[in-house]
Amino acid sequence: MKEAALFMHHVEKDPAEAKRIAQDTAKRIESREIKLLELVQSLGEYLTDDDTTVRAKSIGYLAAVLGELGPKSLSRQQVPVITQFLCDRFDDETGLKETAAALTSLTKMHFFGDSEATQVATALVKVDLPKHPPTTRFTVLTLVDALMSGYRDSLKAMGDKFITGLANIIGGEKDPRNLMIVFSVMKVVLVEFDIVRHTELMFDVVYCYFPITFRPPQDDPYGITSQDLKIRLRECIASTRYFAGQVFSSLIEKLDSTSQNVKMDVLQTITACALNYGPTTMSAQSSQLWNAVKFEIFNSTEKDELAIESMLVVKAIATSLSTGLTIVPPANIALSRYLKAVVKECLALMEEPQLKQAKPSSQLLATVATASAPACAFIIQSVLPEMLLVYSDAGSIAKQRAQLQCLNWFFESLVTIYGTWAEVAPQPAIENPLEQHREKLFEIYSQALMGSNRDETSFRLTAMRGLGKLCNIRKFLDESEIGMVVQYLDEVALQQEEKDEIRDEALQNLRDIAKFKSNLIMQITFPAFMAQLPDSEEESKEENKPYIGTLEALAKLSFDRPVFEVLLTRLLNKLEVVLYSGLGPDYPRAILSSILYVLQQKPQSTLDDTKAYYNRLIPPLLTKTIIPLAESGNGVSAVLADDSVLDVTGRLIKIITHAMDKEHQDMIVRNIFQLFVKNKPSTIITEKAELAADRFRPLDKDSSPQAAGCTVVLASVLAAAQREVPLPIEDVPNFLRQVVGLAEAPKSPAHRLVLLRIIGLVVNKWIKDPTDMEQVKQLTQSLIASVTTNSSDEKASEQLRIAFWITKALLLRAEKFGMETTFTFVSLLARPVFGAIASRGFSVLLDEDEFLNKSNHAVVRMLYKQRTFAQCVPRLVEGFKAADSNAKPNFLVALSNILRAVPSSIITPELPRLLPLLLQSMELSDVGVKEATIETLHITITESTDAVKEHVSSVITRLLSACSVSGGNPPRVRAKALRCLKAFPGALRGELLLPYKRQVLKMLQPVLDDPKRTVRKEAVDCRVKWWALDEPSD
């Protein structure tokens, strides 16, 4: 057949063509155009060729064709014939790889059965596999794996012949990819085959690889790690108890290794063996294993990984010995004998709980107690009376605190065994062994928390944590006792004199209790906390009732839905009372901020929950905000219309609207536009809607500052709404022009920002029609034109800001006109009048905005920042070179505003030509520019050191100047300058920096006395780095 010749010609030069030839041949066989036996016969001359490569390629052709055939392509008569033919080819070891690949494909055929599997395995185990290259061995091992997966019973029936033969072909394997298969196959053999007569052979085959020291090369194409091999080998060693007599003594010897990794591997392997070998085997080994690992535990340091792993060994033995036990272990069984020895040694070290070895001893017993309910019961019954006796006899707080800490570890073990209140799994049959000590423990911990001196912080913290753990143990404390703990925690959390860490721990424990006993939080904690909230700002000052901490505590307790609903009711009622008192905005803002905090932190709510929050919160809140403004004729102050309160109100509306579906968002948008834009009655106002429609005019030019400030509500809804939600107005560009007109004369900075955000949101999300876009272009061009002709600097500044926000919205959409307008802004930088304003406007273009972003459904194209950087920066550099001395700072400010918004990976290639400009930016008085420049310099030093080499002197001088208080540099600039200066040693060669060492150390001396601690710390770190630079002669 010419196909065979073509395949052999292409197989090395063009594997894809060779594969196609094999596929064509397979299709012809499946269509009965040719027979497989005819194909085999046609290979005759190649199979007998003197050239070994030709023989191998011919079998490779057959293997490739078999690999392309479907599982039912070969008949019941063909499979045995092909199997026999291929098994005979094992004698010609030149094509071993190809033969094995062909047989692997053959095992997938429908009529390949047990007799064929036995035939293949019999021939296979005679092969001298170790002498072949790794790729050939991999193919053969893949065949073994296929036989093991599909024809395991046939291999078992071969008995000793297969086991010894397998040991011969896999012995001495070193390739990591092949070992992954070897270990998988060996695990099956060790678990399912009869290896009793070959235990020593099997042990030698497997254990010779322990410990694994393989380190994968950096370019390893297979991605096999040392850990992968360790896990597979560990599973082999732990798979049969017949290894116990040899493996434990060998592993214990390796515990003397100086390698941490080897010791960890040994301990993890002992753990795996203990969990798998069964109680009979482990009862004989438990004593020597305990003696082998206890030294590592008792002499451990803080967070010692080896000690932790050793504890898991002791626990694993207890787990194994607990198999089948459902009662407290009697004294005469293996588990009791084993635990008695462990407990005896640990108790002796726990008599002085504040000493070094008491802690690991307690942790060990607590760890072993998690092995099983019987083990837990035995340990608690043996240890707890002694521990309580030690506590009662303790003569110092330090000793009592240490003992409480030890008890806390045991409480954690009981949580593991008996579960928490939130769990539904059945409890163990054995009664909680802590039950008989419940009253005593509750008394000790309550006294430690509430009866101790307030200055004993760590002692009381330990007691509080212990009470929290006792509450958490399922069905241990009854509801009245948990209620008492809640009262204790309330008292601690509400005491202003308590330290922050004590109050934080109390709140954390209350949060934990709220997860399983939320009714107690609502019945006990909420009334106690609400009673501490004053009814007015005045009462807060007169009766020393600070509300900030109390509101914060209430918010942190209310993440769960039922608790939050109670909080919402109580805080809204309190808001009514506070508003009635008629004082300042601080208290109402704090109440609303608490609600906002919970909504931001709590898990995602369902749509029904969100609708309920909207109905309960937003319409009433807007009514209380707007109606006072309408009733007073827009002239008298209303507390909720204060800018700071409106900011929180807007965030509340945004977060709730954002969580709504499209249908409900559409309803909210229509209601808001009905009131704010169309000045008609809206259902969002729950009372006096006609009055609000008649007298509330936030978008009128002559509206009061407070009414105008309410436009934050409109901006928040527009930000949260999906762009598929239509705006309920006929002419969007006309609405945009109306807002632009207002933005030209804003009432306040907050009002300005809100209007600019509305403009950006509308342009980005709702200008879709080409005719609408044309009107936006005309509006933008007219704004820029009027900037250059307007006599009023103030109005021109506002118009320029508006133009920047429109451009920002268009750049996010990758609109061509947005980039054209950006180029116009670059040209404005050279203007003496508006250049400075335009330079600051560049910060708007690429900075992230809280409202106009992707999470708020804005159109944000990929790489828009990169595009803007690539097209703007060259123009800024050229403009800087051409500008006069007065205009140059404008270009530097604009550049820094772009650089701080762009990822460092984009900046790095451009750094060589930007560095001279950055150095000049360091001399500007603008703090924001200086800060951004230092950040860019830091990137330059760490990622593009070659660009800095020519400017080392200039960069160091300017950074030293930025470190000084005398230069008017704020703390964050000083700290960043020091951090940047610290990066020089290590980034640049020592000989480049040594000439500046003395100057740097001298200039850093006064910085060590900086008023700010963070700056002093950075100065110390920087000085250490520069001090370490050695002179060349050293």
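Residues numbered from 1 in each chain as written. Predicted model: local features only at pLDDT ≥ 70, side-chain atom pairs only at ≥ 80, totals over all residues. Heavy atoms only, no water.

## A short note on the overall build of the protein
Point 1. Broken down by element type, the protein carries 55 helices and zero strands.
Point 2. When its C-alpha atoms are laid out on the principal axes, the protein stretches across 100 × 90 × 75 Å.
Point 3. Here the protein, with 1034 residues, has 54% of them falling under the buried criterion.
Point 4. For the protein, the proportion of contacts with a sequence separation of at least 24, taken over those separated by at least 6, is 73%. (Helix = DSSP H or I, 4+ residues; strand = E, 2+ residues; numbered from the N terminus. Buried < 20%, exposed > 50% of the residue type's maximum accessible area, 1.4 Å probe, protein only. Contact = heavy atoms within 4.5 Å.)

## Some thoughts on the side chain of Asn-897
Point 1. Locating Asn-897 in the fold gives a position in helix α45 (residues 888–899).
Point 2. The exposure class of Asn-897 is buried, given its relative accessible area of 4%.
Point 3. Within the local environment of Asn-897, its side chain forms a polar contact with the backbone oxygen of Ser-839, the two atoms lying 3.0 Å apart.
Point 4. In this structure, Asn-897 is in contact with Ser-839, Arg-840, Phe-842 and Ser-843, ignoring residues within four places of it in sequence. (Polar contact = N/O pair within 3.5 Å; in protein donor to acceptor, adjacent residues only side chain to side chain.)

## Side note on the nonpolar core
Point 1. Within the largest apolar cluster, 369 residues are counted, with the highest numbers of intra-cluster contacts made by Phe-984 and Trp-1026.
Point 2. Looking at this core, the element that brings in the most residues is helix α21 (residues 373–393), giving twelve residues.
Point 3. When sequence neighbours within four positions are dropped, the list of residues in contact with Phe-984 reads Ile-941, Val-948, Val-955, Ile-956, Leu-959, Leu-993 and Trp-1026. (Core = buried A, V, L, I, M, F, W, Y, C linked by side-chain atoms within 4.5 Å.)

## Here's the deal with the layout of surface pockets
Here the idea is plain: a probe the size of a water molecule rolls over the atoms and shows the empty space left.
Point 1. Within this model, the largest pocket holds a volume of roughly 560 Å³.
Point 2. Lining the largest pocket are 21 residues, and of these Phe-7, Val-11, Gly-60, Ala-64 and Glu-98 lie nearest its centre.
Point 3. Among the elements of the structure, α2 (15–30), α5 (52–68) and α7 (96–106) are those that each provide at least two residues to the lining of the largest pocket.
Point 4. For the lining of the largest pocket, the leading source of residues is α5, giving seven residues.
Point 5. Across the lining of the largest pocket, the residue classes break down as nine nonpolar, five polar and seven charged. (1 Å grid on protein atoms, 1.4 Å probe; cavity = no way out; pocket = protein on both sides within 12 Å on 5 of 7 lines; lining within 4 Å. Points joined across faces, edges and corners; volume = space filled by probe spheres on them. Nonpolar A, V, L, I, M, F, W, Y, C, P; charged D, E, K, R; others polar.)

## Some thoughts on the packing of helix α12 (residues 176–192) against helix α13 (residues 199–207)
Point 1. Following both chains from N to C, one finds α12 and α13 inclined at 155°, their axes separated by 12 Å at the closest point. Overall, the two elements α12 and α13 adopt an arrangement that is roughly antiparallel. In the crossing of α12 with α13, the sense of the turn from one axis to the other is left-handed. Here α12 contributes Met-186, Val-189 and Leu-190 to the contact with α13, which in turn contributes Met-202, Val-205 and Val-206.
Point 2. Its residues placed into classes, the contact of α12 with α13 shows six nonpolar, no polar and no charged. (Axes fitted to C-alpha atoms, helices over the stretch in contact; angles between N-to-C directions. Parallel < 35°, antiparallel > 145°, perpendicular 65-115°, else oblique. Left-handed = near helix turned anticlockwise from the far one by under 90°.)

## Let's talk about the pattern of salt bridges
A side chain with one charge may pair with a side chain of the opposite charge, provided their charged atoms come close.
Point 1. The tally for this structure, following the rule as stated, stands at 48 salt bridges.
Point 2. A salt bridge links Glu-498 to Arg-460, with the nearest nitrogen and oxygen atoms 2.9 Å apart. A residue pair is termed long-range when its members are at least 10 positions apart, and Glu-498 in the loop between α25 (479–494) and α26 (500–516) and Arg-460 in helix α24 (residues 457–472) qualify at 38 residues. No difference in accessibility class separates Glu-498 from Arg-460, as the two residues are buried.
Point 3. Of the charged contacts, one joins Lys-865 and Glu-848 as a salt bridge, the two residues approaching to 3.0 Å between their closest N and O atoms. Separated by 17 residues along the polypeptide, Lys-865 in helix α44 (residues 864–882) and Glu-848 in the loop between α43 (835–846) and α44 bring together distant segments of the chain.
Point 4. On the basis of relative accessible area, Glu-848 is assigned to the exposed category, the value being 60%.
Point 5. Each member of the salt-bridge network shares a partner with another, and the members are Glu-931, Glu-935, Arg-972 and Lys-976. (Salt bridge = Lys/Arg side-chain N within 4 Å of Asp/Glu carboxyl O.)

## Some words on the environment of Leu-761
Point 1. Note on placement: Leu-761 falls in helix α39 (residues 749–766).
Point 2. Leu-761 sits in the buried class, given a relative accessible area of 0%.
Point 3. The sequence separation of Leu-761 and Phe-851 amounts to 90 residues, and the corresponding C-alpha distance is 7.9 Å.
Point 4. In this structure Leu-761 touches Ala-715, Leu-718, Ala-719, Trp-766, Phe-851 and Leu-852, once residues within four positions along its chain are discounted.

## Focus on the packing of aromatic side chains
Point 1. Overall, the coordinates contain 19 aromatic pairs when judged by the stated rule.
Point 2. On the numbers, 4.2 Å between centres and 15° between planes, the contact of Tyr-547 with Tyr-587 is stacked. Taken together, the positions of Tyr-547 in helix α29 (residues 547–556) and Tyr-587 in helix α31 (residues 586–601) put the pair 40 residues apart, joining distant regions of the chain.
Point 3. According to the relative accessible area criterion, Tyr-547 is buried, its value standing at 7%.
Point 4. Classification of Tyr-587 as buried rests on a relative accessible area of 1%.
Point 5. Ring centres of Phe-564 and Tyr-613 lie 5.1 Å apart, and the angle between their planes is 90°; this geometry places the pair in the edge-to-face category. (Phe/Tyr/Trp six-rings, centres within 6.5 Å; stacked < 30°, edge-to-face > 60°.)

## Observations regarding helix α51 (residues 971–982)
Point 1. Its twelve residues give α51 an end-to-end C-alpha distance of 16 Å, which sits within 8% of 16 Å, the value for a rise of 1.5 Å per residue.
Point 2. Residues of α51 that are buried in the fold lie against α48 (927–943), α50 (952–962), α52 (984–987), α54 (997–1004) and α55 (1013–1027). (Expected span 1.5 Å × (residues − 1).)

## Regarding the packing of α21 against helix α22 (residues 397–418)
Point 1. Running from amino to carboxyl end, α21 crosses α22 at an angle of 165°, the nearest separation of the two axes being 11 Å. Judged by the inter-axis angle, α21 sits roughly antiparallel to α22. As α21 packs across α22, the resulting crossing turns out to be left-handed. Counted together, Ala-373, Cys-376, Ile-379, Ile-380, Val-383, Leu-384, Met-387, Val-390 and Tyr-391 of α21 and Lys-399, Gln-400, Gln-403, Leu-404, Cys-406, Leu-407, Phe-410, Leu-414 and Ile-417 of α22 form the full contact between these two elements.
Point 2. Among the residues making up the contact of α21 with α22, the classes are represented as 15 nonpolar, two polar and one charged.

## Let's talk about the state of the cysteines
Point 1. Using the criterion set out here, one finds zero disulfides in the structure.
Point 2. Not engaged in a disulfide, the cysteine Cys-236 finds its nearest cysteine sulfur in Cys-208; these two sulfurs lie 11 Å apart.
Point 3. A disulfide-free cysteine, Cys-376 has its sulfur positioned 15 Å from the sulfur of Cys-346, the nearest such atom.
Point 4. With a relative accessible area of 0%, Cys-376 lands in the buried category. (Disulfide = S-S within 2.5 Å.)

## Some words on α31
Point 1. Under the 1.5 Å per step criterion, the end-to-end length of α31 is 22 Å for 16 residues, consistent within 8% with the ideal 22 Å.
Point 2. Buried within α31 are the following residues: Tyr-587, Pro-588, Ala-590, Ile-591, Leu-592, Ser-594, Ile-595, Leu-596, Val-598 and Leu-599.

## Overview of the side chain of Lys-976
Point 1. You can see Lys-976 is positioned in helix α51.
Point 2. For Lys-976, a relative accessible area of 18% translates into the label buried.
Point 3. Among all residues touching Lys-976, those that are not within four sequence positions of it are Glu-931, Ile-934 and Glu-935.

## Describing unusual backbone geometry
Point 1. That bond from Phe-210 to Pro-211 is cis: its omega, -5°, falls within 30 degrees of zero.
Point 2. Position of Pro-211 among the secondary structure elements: in the loop between α13 and α14 (226–237).
Point 3. Look at Arg-32: it is not a glycine, yet its phi comes out positive at around 65°.
Point 4. Take Arg-32: it is sitting in the loop between α2 and α3 (36–42).
Point 5. For Ala-814, which is not glycine, the phi dihedral falls at a positive 60°.
Point 6. Note on placement: Ala-814 falls in the loop between α41 (793–812) and α42 (816–828).

## Here we look at the environment of Pro-909
Point 1. Relative to the assigned elements, Pro-909 resides in the loop between α46 (904–907) and α47 (911–921).
Point 2. It is 55 Å that separates the C-alpha atoms of Pro-909 and Ala-238, two residues lying 671 residues apart in sequence.

## Thoughts on the confidence of the model for the protein
Point 1. On average, residues of the protein carry a pLDDT of 89, and 99% of them reach 70 or more.
Point 2. Below pLDDT 50 for its whole length, residues 633–637 participates in nine contacts with residues either more than four positions away or in separate chains. (pLDDT = per-residue confidence, 0-100.)

## Focus on the environment of Ser-885
Point 1. Summarising the element assignment, Ser-885 is placed in the loop between α44 and α45.
Point 2. Looking at Ser-885, the relative accessible area reads 59%, which means it is exposed.
Point 3. Taking the C-alpha atoms as reference points, Ser-885 and Leu-699, 186 residues apart in sequence, are found 43 Å from one another.

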